[in-house]
Amino acid sequence: MLSEIVKVEHLKKYFPVQKSFLEQLFTRELSYVKAVDDVAFSIRSGEIFTLAGESGCGKTTAGRVIVRLLEPTSGKIYFNGQDITKLKGEKLRLLRRKMQIIFQDPYASLNPRMKTVDAVGHPLEIHGLAKGREKKKRVLDVLERVGLTPPEQFINLYPHQLSGGQRQRIALARSIIFKPEFMVADEPVSMIDVSLRTTIIDLMLSFRKELGLTYLFITHDLAVAKYISNRIAIMYLGRIIEIGHKESLFLDPKHPYTQALLSAIPVPNPKRERKRIELSGEVPSAIDMPTGCRFHPRCPYRTDKCSKEEPQLIEVEKNHFVACHLMK
Amino acid sequence: MPLLEVDSLTVDYRTSTGTIRAVEDVSFSLNKGQKLGLAGESGSGKSTLGLSIIRLVPYPGVIAKGHIKIDGTDILKLPAHEMRSIRGGKAAYIFQDPMTSLNPVKKIGAHFVELINTHEPNTSKEEVSERTKTVLKNLEILPERMNDYPHQFSGGMRQRIMIGLAIALNPDLVIADEPTTALDVIVQAKILELLENLRKMYGMALILISHDLSIILERCDKIIIMYAGHMLEYAPSMELHKEPKHPYTQGLLQSIPNIELSDQKLAAIPGSPPNMLNPPKGCSFWPRCSYAKKICQMKEPPLVNVDHNHLVRCVLYDKGEVHAERNREG
């Protein structure tokens with residue numbers, strides 16, 4: 001049994017909605033966007049755990065809360081058994097060496113005025129670990145690791161002199177310079193051209209072996225999720241509605257939403273006659289959440305119970321959890 | 001007579017830093033009701049090719065060579081006012097971003113009124129409104145909503161309205177440029193399905209432009225693979241799926257994850273696409289090709305017909321050599 005490296009319990013992140021002046025006069029009540037609304041899961045050491053879902057489901061917010069870039073509204077986050085929900089100051093800084101994040105857009109995540117050597121080596125300076133020649137040595141070392149060879153050619157380049165794929169490698173190099181144990185990868189390949197995606201994915205997979213890195217992978221692309229992950233959690237409107245090993249999730253999706261999502265993924269095969277599961281309507285607003293099961297207004301199998309009672313995640317098969325009233 | 005004939009089309013962007021040849025020597029034709037896919041990565045020239053068909057290549061782009069014929073008329077020779085009636089009337093374009101393609105201060109209905117009045121000035125008010133309602137109904141949007149503004153619609157609905165504007169005048173050809181890239185998978189599937197139903201209903205030909213080869217394989221009869229402005233392969237979808245010939249197409253197909261395969265091993269294409277200001281000599285793909293030889297660096301290979309209607313631009317096929325070994329599953 002692998003040990004748990006990250007565990008979250010009842011995690012919530014609500015963003016208050018700005019009101020107009022008139023509305024403020026008449027009501028005291030604040031309304032919230034419930035981006036993450038009571039989410040719990042644990043990630044085992046060495047695995048790649050994926051949060052997948054459509055835009056607005058809360059997957060990115062969840063990732064940012066876990067690495068403490070956003071403060072959770074409530075709930076607990078554990079890292080290697082330690083409660084890190086309220087860590088501050090020096091302790092939080094030390095924690096950051098062990099958990100890193102890489103972002104979707106390599107055009108926005110690198111400072112356009114910093115050369116590669118400074119961008120990648122900056123974390124070392126902030127943490128007072130290395131500077132000058134020592135910093136350069138370590139930067140050369142990680143650049144080689146991410147396949148930017150020969151590294152000497154790259155250290156004095158600015159981001160605008162690099163392609164999207166190369167920039168994402170630089171972002172990856174910066175995030176592994178501390179040899180972290182855990183990394184949140186938020187859509188790291190969705191802005192990269194298809195022919196370059198595989199190299200980035202392969203790099204991430206190799207770090208898992210070489211550095212013993214554990215990933216929380218965040219994506220909307222279930223085909224990529226299937227290729228890369230061990231376990232996948234499907235989110236809908238701030239909640240996890242299904243978690244399972246990728247084999248059981250793709251072979252036998254249980255939740256009606258997961259079934260619809262999987263049936264909508266294009267398959268590179270012209271011969272295939274597809275049966276799509278049609279969903280009515282669109283994702284409702286995360287401010288005025290439907291009562292009961294949040295998927296019920298669009299669900300083809302809804303019953304009276306669905307609009308009244310919110311289903312909880314239950315284990316329907318070994319390691320396969322589903323939040324749906326149909327499952328009992 | 002084919003609906004659309006493109007013959008040795010070459011498009012240049014004449015920038016201050018040099019000329020970028022975005023599309024080079026592309027020829028193909030399309031019959032009524034056919035579905036053609038243009039696939040390629042960013043910078044491959046697929047959008048420029050699409051835009052040149054309705055003569056909307058943005059400045060500093062110039063159509064340097066070639067002919068484009070719609071229903072036998074060479075549109076490159078038409079005066080501007082005649083071209084306007086072809087755009088929208090005979091050939092319509094659906095742009096990628098539904099958020100910026102609608103006018104935010106105009107109601108949805110007004111978009112249709114403007115379109116129909118421009119092309120058919122003698123249409124009565126009642127008829128315009130009637131036609132708008134029919135189109136909206138076909139898009140599965142309530143006709144009452146023609147009095148709403150674009151911001152009151154979701155992204156998926158706005159893209160449906162864009163499709164509606166494209167088909168409202170019943171054109172023979174619709175060019176859809178990444179119509180679902182900004183949308184989620186469920187909405188994407190719905191929109192592509194809707195586009196296909198309307199295409200059948202109105203009997204239109206479709207050119208679908210996408211970076212996502214999965215969508216193109218699923219939805220088109222014929223496929224053009226573009227790379228650095230060149231057409232590297234042109235084949236029926238079934239052929240391309242069964243037997244991709246060009247090393248680039250093979251590489252692309254090996255780098256797309258397929259949810260229907262278990263234990264799939266993805267293979268990467270080494271290197272990155274060329275700088276178009278300074279493209280490689282010879283074949284545009286040779287610096288990334290594992291079969292590259294000396295000759296590839298010297299001259300651009302011709303487009304050869306290797307099989308019935310299967311065209312490839314690669315020296316491996318030029319001299320009747322055995323084609324590259326494939327290790328793709330499925």
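In this report, we go over the structure that sits alongside the text. Source: prediction; values computed, not measured. (Residues numbered from 1 in each chain as written. Chains lettered and ligands numbered in written order. Predicted model: local features only at pLDDT ≥ 70, side-chain atom pairs only at ≥ 80, totals over all residues. Heavy atoms only, no water.)

1. Some thoughts on the overall build of chain B
As a reminder of what qualifies: Comment: elements are numbered from the N terminus, with helices defined as DSSP H or I runs of at least four residues and strands as E runs of at least two. C-alpha atoms define the radius of gyration, and 2.2 Å times the number of residues to the power 0.38 defines the globule rule. Classification of residues uses two cut-offs on accessible area relative to the type maximum, computed with a 1.4 Å probe and protein chains only: under 20% is buried, over 50% is exposed, and between them is partly exposed. Note on contacts: a residue pair qualifies if any of its non-hydrogen atoms lie within 4.5 Å across the two residues. Using a 1.4 Å probe, the Shrake-Rupley method yields the accessible areas, and only the shown protein chains count as cover for residues.
Tallying secondary structure elements over chain B gives 12 helices and 12 strands in all. What you see for chain B is a C-alpha radius of gyration of 21 Å, in line with the 20 Å of a compact globule of 330 residues. C-alpha extents for chain B along the principal axes are approximately 65 × 50 × 40 Å. Here chain B holds 330 residues, and the buried ones make up 53% of them. Excluding contacts between residues fewer than 6 apart, the proportion of contacts in chain B whose partners are at least 24 apart in sequence is 64%. When the accessible surface of chain B is summed, it comes to about 14400 Å², and 51% of that surface belongs to carbon and sulfur atoms.

2. With respect to the overall build of chain A
What chain A contains, in helices and strands, is 11 helices and 12 strands. In summary, chain A has a C-alpha radius of gyration of 21 Å against a globular reference of 20 Å for 328 residues, a match within 12%. Expressed as a percentage of the 328 residues in chain A, the buried residues total 53%. Pairs at least 24 apart in sequence give 64% of the contacts found in chain A among residues at least 6 apart. A total accessible area of about 15300 Å² is found for chain A, and carbon and sulfur atoms account for 51% of it.

3. Details of the nonpolar core
Residues and elements named next belong to chain B. This is how it is decided: Throughout this description, the term nonpolar core refers to a set of buried Ala, Val, Leu, Ile, Met, Phe, Trp, Tyr and Cys residues connected via side-chain atoms within 4.5 Å.
Residues Ile-94, Phe-112, Leu-139, Ile-161, Leu-213, Tyr-248 and Phe-285 are the most contacted members of the largest nonpolar core, which totals 58 residues. Of the residues forming this core, the biggest block, seven residues, is contributed by helix α6 (residues 155–167). Tyr-248 has contacts with Glu-41, Ile-225, Met-226, Tyr-227, Leu-232, Ile-269 and Phe-285, leaving out every residue within four places of it along the chain.

4. Some thoughts on the interface of chain A and chain B
Basically, it comes down to this: Two parts placed together each lose some accessible area under a 1.4 Å probe, and adding up what both lose gives the buried area. The working definition used for a salt bridge is a side-chain nitrogen of Lys or Arg within 4 Å of a carboxyl oxygen of Asp or Glu. Polar contacts, as used here, are pairs of N or O atoms within 3.5 Å; protein pairs need one atom able to donate a hydrogen and one able to accept it. Residues neighboring in sequence count only if both atoms are side-chain atoms.
Listed per partner, the contact involves 34 residues of chain A and 41 residues of chain B. Summed over both sides, the interface between chain A and chain B buries roughly 3500 Å², with carbon and sulfur atoms accounting for 58% of that surface. Here chain A and chain B share two salt bridges between them. In this structure, Arg276(A) and Glu218(B) form a salt bridge, with 3.3 Å as the shortest nitrogen-oxygen distance. At the boundary of chain A with chain B, the tally comes to 13 residue pairs in polar contact (both at pLDDT 80 or more). Mapped onto the side of chain A that touches chain B, the elements with two or more residues apiece are α7 (194–210), α8 (222–228) and α10 (256–264) of chain A.

5. Thoughts on helix α10 (residues 247–254) of chain B
Counting buried residues in α10(B) gives eight out of eight residues, a clear majority hidden from the surface. Every buried residue of α10(B) is accounted for by Pro247(B), Tyr248(B), Thr249(B), Gln250(B), Gly251(B), Leu252(B), Leu253(B) and Gln254(B). Looking at the buried positions of α10(B), the neighbouring elements they touch are α7 of chain A together with α8 (213–219), β9 (222–227), β10 (230–236), α9 (237–242) and α12 (315–318) of chain B.

Taken by themselves, the reported measurements are silent on function.
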